[in-house]
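If you want the building blocks of each chain, they are given just below.
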Amino acid sequence: MSTQPEVRFVSRATRETLALVMAGGRGSRLKQLTLNTAKPAVPFGGKFRIIDFTLSNCINSGVRRVGVLTQYKSHALIRHLQMGWGFMRGQFGEFVELLPAEQRSEGMSWYTGTADAVYQNIPFIRAHQPAHVLILAGDHIYKMDYGPMLAHHVATGASVTVGCLEVPLSDATEFGVMTIADDSRIVRFDEKPKDPKPMPGKPDMALASMGIYVFDARFLLDFLNRDAGVSESSHDFGHDIIPKAIAEAAVYAYPFRDLYDNGKQGYWRDVGTVDAFWKANLELTDVLPELNLYDERWPIWTHAAQLPPAKFILDKPDARGCAIDSMVSAGCIIAGAEVRNSVLFNNARIETGSRISHSVLLPGVMVGRNCTINKAVIDEGCVIPDDTCIGEGTGGPASYYHVTKSGVTLVTKEMLLG
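Residues numbered from 1 in each chain as written. Predicted model: local features only at pLDDT ≥ 70, side-chain atom pairs only at ≥ 80, totals over all residues. Heavy atoms only, no water.

Brief notes about the overall build of the protein
So, step 1. Scanning the protein for helices and strands turns up 10 helices and 31 strands.
So, step 2. Here the C-alpha radius of gyration of the protein, 23 Å, is about what a compact globule of 418 residues would show, namely 22 Å.
So, step 3. With 418 residues in all, the protein has 52% of them scored as buried.
So, step 4. Sequence separation of at least 24 residues holds for 59% of the intrachain contacts in the protein that already meet a minimum separation of 6.
So, step 5. Summed over all atoms, the accessible surface of the protein reaches about 19,300 Å², with 50% contributed by carbon and sulfur.
So, step 6. Positive and negative side-chain charges of the protein, numbering 41 and 46 respectively, have mean locations separated by a distance of 3 Å. (Helix = DSSP H or I, 4+ residues; strand = E, 2+ residues; numbered from the N terminus. Rg over C-alpha atoms; globule rule 2.2 N^0.38 Å. Buried < 20%, exposed > 50% of the residue type's maximum accessible area, 1.4 Å probe, protein only. Contact = heavy atoms within 4.5 Å. Areas by Shrake-Rupley, 256 points an atom, 1.4 Å probe, with all protein chains shown as cover. Lys, Arg positive; Asp, Glu negative; His and termini not counted. Charge placed at Lys NZ, Arg CZ, Asp CG, Glu CD.)

In structure tokens form, the structure reads like this:
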């Protein structure tokens, strides 16, 4: 078979799809990083925000009708979307539209669960009359072409298709875990089970939901209306909608694969904890990182501030501005300081004599003279005084900061002032 009919088949499926990005969660496991902002708006990878990865997947996949559901601490997220995602061409039916929790009628509350969030936006769905609705999370880091998943959904005749990946059994308690038949039809779904079931032939692995769902639009609206009338429901896709759908309709699993190697599972990270956030950022400094931000075939879009290039100044034996095995973003100045195995976001400034290693410095961080920072995450806008020691092995006063079980030190402006 030639590839052209398949390409046209996929493009038709994407054009008939409306994507809804769930971006209203509290993100409390990121501790003080989400004190003033929603998790999807947290900076990642030197110049991006977490939500940019999901939205870029939509645009690159040809899914160009996108609603973003917001709720908690959404100001920074809304501002980012307005500044960075206003390039869609409305005259061609393309958009990234904000859908804040509105309490549309008397008796309606804020979003009480993922399914309730979509239920409260049924008028938005009906207004665009999609054939399929793609439900996405706005707080994961990954690159995925949704086109083949949509094509698979149509080809199987599924009412629901669930994106899935293999995870270690020890981690599966944090996911929805599936049991599937030989044809990939899901026969059981357990949301965050205490005793997850392993995959056949892989006793140390489980098949987990990515929180990505394709629904036939009519099926989804019917199910949401029914679920809304069930008082004991938590109105959540994983807890309520998917298990009930399995009992009544054809629900299939779709394996997540690498963009360029279909035999390999794709890169996917839940950066929901400080440790995971720190690790995922530092993975980008590897010589050949699993997540390639330099891939011109699958660009990650974002709001790009107009900033000067990074600058490295001073060249003395005891004060040489340099960065090794690191990512340094626009507007940064490293003045007679040394940076190793670290990620510096926009407008960071490191003064003479300081040493930064295995750390993540978010936008606008200022580090004074003769500081030592190791294995740390420094939040936006922090000003680190001269001669400060922070992090593992530096002898700094850890009691001032939040230190994770694995030894990552999180520093915020409030901690420095306190």
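Looking at the packing of aromatic side chains
So, step 1. Per the stated rule, a full pass over the model turns up 13 aromatic pairs.
So, step 2. Summarising the aromatic geometry, the rings of Phe 48 and Phe 53 are spaced 5.7 Å apart at their centres and angled 65° between planes, so their arrangement reads as edge-to-face. Each of the two residues, Phe 48 as well as Phe 53, counts as buried.
So, step 3. Each member of the aromatic cluster is reached from another via a ring pair, and the members are Phe 44, Phe 48, Phe 53 and Phe 277.
So, step 4. The ring of Phe 223 has Arg 226 sitting right over it, with the charged end atom 4.6 Å from the ring centre.
So, step 5. Across from the ring centre of Tyr 260, 3.8 Å away, lies the NZ or CZ of Arg 297, which sits over that ring. (Phe/Tyr/Trp six-rings, centres within 6.5 Å; stacked < 30°, edge-to-face > 60°. Lys NZ or Arg CZ within 6 Å of the ring centre and 35° of its normal.)

Some remarks on the sheet that holds strand β31 (residues 409-411)
So, step 1. In spatial order, the strands read β18-β21-β24-β27-β31-β30; together these six strands make up an open sheet with mixed pairing. The open sheet has two free edges, formed respectively by β18 (327-328) and β30 (402-403), since each of these has just one partner strand. (Pairing = 2+ DSSP bridges.)

Section: the nonpolar core
So, step 1. Leu 20, Val 118, Ile 135, Phe 215 and Phe 237 are the most contacted members of the largest nonpolar core, which has 41 residues in total.
So, step 2. Tallying contributions element by element places helix α7 (residues 217-228) first for this core, with six residues.
So, step 3. Leaving out residues up to four positions away in the same chain, Ile 135 has contacts with Leu 20, Met 22, Val 118, Gly 211, Ile 212, Tyr 213, Phe 215 and Phe 237.
So, step 4. Judged by nonpolar contacts, the second largest core, of 37 residues, contains Tyr 146, Val 167, Val 214 and Trp 268. (Core = buried A, V, L, I, M, F, W, Y, C linked by side-chain atoms within 4.5 Å.)

Describing the sheet that holds strand β22 (residues 349-350)
Neighbouring strands of a sheet are bound in pairs by backbone hydrogen bonds; such pairs are parallel or else antiparallel.
So, step 1. Pairing is parallel across the open sheet formed by five strands, whose spatial order is β14-β19-β22-β25-β28. Where the open sheet ends on each side, the last strands, each with one partner, are β14 (311-313) and β28 (383-384).
So, step 2. Sheet analysis places strand β19 (residues 333-335) next to β22, joined by two bridges and oriented parallel. Directly across from Ile 333, in β22, lies its bridge partner Arg 349.

A short note on the packing of helix α2 (residues 51-61) against helix α3 (residues 75-84)
So, step 1. Their axes nearest at 12 Å, the elements α2 and α3 cross at an angle of 40°. Note on packing geometry: the crossing formed by α2 with α3 is right-handed. Along its contact with α2, which presents Ile 51, Asp 52 and Leu 55, the element α3 presents Leu 77, His 80 and Leu 81.
So, step 2. Residues belonging to the contact of α2 with α3 are distributed by class as follows: four nonpolar, one polar and one charged. (Axes fitted to C-alpha atoms, helices over the stretch in contact; angles between N-to-C directions. Left-handed = near helix turned anticlockwise from the far one by under 90°. Nonpolar A, V, L, I, M, F, W, Y, C, P; charged D, E, K, R; others polar.)

Overview of the environment of Gly 381
So, step 1. With respect to the helices and strands, the residue Gly 381 is situated in the loop between β27 (376-378) and β28.
So, step 2. Sequence-wise, Gly 381 and Trp 268 are 113 residues apart; in three dimensions their C-alpha atoms are separated by 28 Å.
So, step 3. In this view, Gly 381 contacts Pro 363, Gly 364, Val 365 and Lys 413; residues no more than four positions away in its chain are not counted.

Regarding α2
So, step 1. Counting buried positions along α2 yields 10 of 11 residues, so the element is predominantly enclosed.
So, step 2. Buried residues of α2: Ile 51, Asp 52, Phe 53, Thr 54, Leu 55, Ser 56, Asn 57, Cys 58, Ile 59 and Ser 61, and no others.
So, step 3. The first or second residue beyond α2 is Gly 62, which carries a positive phi of 90°.

Brief notes about the layout of surface pockets
So, step 1. Here the second largest pocket is characterised by a volume of approximately 380 Å³.
So, step 2. Surrounding the second largest pocket, 19 residues form its lining, Arg 49, Arg 79, His 303, Ala 305 and Asn 346 being those nearest its centre.
So, step 3. Where the lining of the second largest pocket is concerned, the elements lending two or more residues are β3 (48-49) and α3.
So, step 4. The greatest single-element share of the lining of the second largest pocket, amounting to five residues, is contributed by α3.
So, step 5. Residue composition of the lining of the second largest pocket, by class: eight nonpolar, eight polar and three charged. (1 Å grid on protein atoms, 1.4 Å probe; cavity = no way out; pocket = protein on both sides within 12 Å on 5 of 7 lines; lining within 4 Å. Points joined across faces, edges and corners; volume = space filled by probe spheres on them.)

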